[in-house]
Amino acid sequence: MNSWIVIYFLVLLPVSISITCYRCSSGSSGCDPFQVGGTGVSSTTSGQAVCYRITSAAGSTSRGGYLISSSCVATITSTGRYGTYCCYTNYCNGALSNYREPFLIIVTLLTLIISKHRWI
């Protein structure tokens, strides 16, 4: 019985840790700017370990996935406008911006400051 459980987990483990990524080539329909329903956009058929989005200095973007996590090396320029973005959840490389968190933090802090001053 225990050997069946081990075999079961060995078969399901790669499926459970794999993710699905968007795939498109720079310049294809739906890739620049990104549209999920674009004719040049598809999703990876085999499970990936990491998704990527590469934006060049010229502004063109390509998306895809790698089977091995170490294949994706994130490189973002100091301006944050282009580079390689690596992510690890389903369809995460479809986002238009990776830098929404600072904006949300700023809005939250401003809201707290404004609400605190209203109650003083």
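What counts as what
- Residues numbered from 1 in each chain as written.
- Predicted model: local features only at pLDDT ≥ 70, side-chain atom pairs only at ≥ 80, totals over all residues.
- Heavy atoms only, no water.
- Helix = DSSP H or I, 4+ residues; strand = E, 2+ residues; numbered from the N terminus.
- Buried < 20%, exposed > 50% of the residue type's maximum accessible area, 1.4 Å probe, protein only.
- Disulfide = S-S within 2.5 Å.
- Pairing = 2+ DSSP bridges.
- Phe/Tyr/Trp six-rings, centres within 6.5 Å; stacked < 30°, edge-to-face > 60°.
- Patch = residues over 30% accessible without salt bridge, like charges linked within 9 Å, V, L, I, M, F, W, Y side chains within 5 Å.
- Areas by Shrake-Rupley, 256 points an atom, 1.4 Å probe, with all protein chains shown as cover.
- Salt bridge = Lys/Arg side-chain N within 4 Å of Asp/Glu carboxyl O.

A. Geometry of the overall build of the protein chain. The helix and strand tally for the protein chain stands at 2 helices and 6 strands. In the protein chain, the order of α-helices and β-strands from amino to carboxyl end is α-β-β-β-β-β-β-α. Out of the 120 residues belonging to the protein chain, those deemed buried represent 25%.

B. Examining the state of the cysteines more closely. Within the structure shown, the criterion is met by 4 disulfides. The disulfide partner of Cys72 is Cys86, and the S-S distance across this bridge is 1.9 Å. On the S-S bond that ties Cys72 to Cys86, the torsion sits near -90°, and the link is left-handed. Linking Cys72 in the loop between strand 4 (61–66) and strand 5 (75–76) with Cys86 in strand 6 (residues 83–87), this pair joins segments that are 14 residues apart in sequence. Summarising the burial analysis for this pair, Cys72 and Cys86 share the class buried. Bonded cysteines in the protein chain are paired 1-4, 2-3, 5-6, 7-8 when counted in the order they occur along the chain.

C. Quick peek at the sheet that holds strand 3 (residues 50–55). Judged by pairing direction, the sheet is antiparallel, and its 4 strands sit side by side in the order 4-3-6-5 without closing on themselves. Sheet topology places strand 4 and strand 5 at the edges, where each strand pairs with a single neighbour. The pairing of strand 3 with strand 4 spans 6 bridges and is antiparallel. In the strand pairing of strand 4, Arg53 is matched with Arg63.

D. Seen up close, the packing of aromatic side chains. The full count for this structure, using the stated rule, is 3 aromatic pairs. Residues Tyr22 and Tyr91 carry aromatic rings whose centres are separated by 4.7 Å and whose planes lie at 50° to one another, so their mutual orientation is tilted. Of this pair, Tyr22 sits in strand 1 (residues 22–23) while Tyr91 sits in the loop between strand 6 and helix 2 (100–118), placing them 69 residues apart in sequence. We classify Tyr22 as buried; its relative accessible area is 14%.

E. Structural detail: the pairing of strand 3. The buried fraction of strand 3 is high, at 5 of 6 residues. Adjacent in sequence and paired antiparallel, strand 3 and strand 4 are bridged by 5 residues, among which Gly59 carries a positive phi angle near 100°. Sheet topology places strand 3 next to strand 6; 5 bridges connect them, and they run antiparallel. Residue pairing across strands places Arg53 opposite Tyr85, the latter belonging to strand 6.

F. Main features of a nonpolar patch on the surface. Together, Leu109, Leu110, Leu112, Ile113 and Ile114 give the surface a local cluster of nonpolar side chains, amounting to about 480 Å² of exposed area. As for its position among the elements, Ile113 is in helix 2. A relative accessible area of 46% places Ile113 in the partly exposed class.

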